[in-house]
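Below are the chains, spelled out letter by letter.
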Amino acid sequence: MAVLNICTYPDPVLKQKALPIEKIDDALQDLIRNMVDTMYQAPGIGLAANQVGRPLRLIVFDVTPKDQPRNPRVLINPEIVCAEGSQSLEEGCLSVPEFYSEVKRCSKVTVRGLDTQGNPVELEGEGLLAVVLQHEIDHLDGILMLDRISPLKRALYKKRRQKQLKSKDETG
Ligand code: NI
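Let me sum up the structure you'll find in this document.

Cut-offs and rules
Residues numbered from 1 in each chain as written. Predicted model: local features only at pLDDT ≥ 70, side-chain atom pairs only at ≥ 80, totals over all residues. Heavy atoms only, no water. Pairing = 2+ DSSP bridges. Helix = DSSP H or I, 4+ residues; strand = E, 2+ residues; numbered from the N terminus. Axes fitted to C-alpha atoms, helices over the stretch in contact; angles between N-to-C directions. Contact = heavy atoms within 4.5 Å.

## A word on the sheet that holds strand E6 (residues 108-114)
The antiparallel open sheet is built from five strands, whose spatial order is E1-E2-E3-E6-E7. Pairing within the sheet leaves two strands with one partner each, and these edge strands are strand E1 (46-48) and strand E7 (120-126). The mean angle between the axes of side-by-side strands here comes to 40 degrees, regardless of whether they run parallel or antiparallel. Bridge count between strand E2 (residues 58-61) and strand E3 (residues 73-84): four bridges; the pairing is antiparallel.

If you want it as structure tokens, here you go:
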């Protein structure tokens, strides 16, 4: 098991558009396992590869309630093929420390991608699952939840984050 370092705002890798995965090899399986471990360790309910510094189109997620057995899901080259309705749920992001905000998103999405063996899969999600799928696929396009909130909220967070980073510098 390896827990990877999670890149945080304003790391430029988070702004990068991730590249499609063309080869599913052992190195990719290692990355997938490590991302799953990293997600549980954080703890979080979703993680995109660019959050661990690898701009590849790969996401892992698990929205299973805490009192139920873990069910890690993996999607390679995920794509939203259908989206409808709207909902606003409170979101957080492992790359945006100490920040939570409601984000307006579609309430139901259909996503196509590949599983860890390269087989095509189609997944339909509503509620929290729909949020996680949209949030993680946004990451692959270099979009953070910060880009989906009001300019005022974003400005306030940026200010707070700069202060945080500065005080971290000062204390070593
Ligand atoms: Ni995130």
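We are not done yet, so read on.
## A closer look at the environment of Met35
Within the fold, Met35 resides in helix H1 (residues 26-41). Considering only alpha carbons, one finds Met35 and Val60, 25 residues apart in sequence, at a separation of 7.1 Å. Excluding anything up to four places from it in sequence, Met35 contacts Leu4, Leu47, Ala48, Ala49, Val52, Leu58 and Val60.

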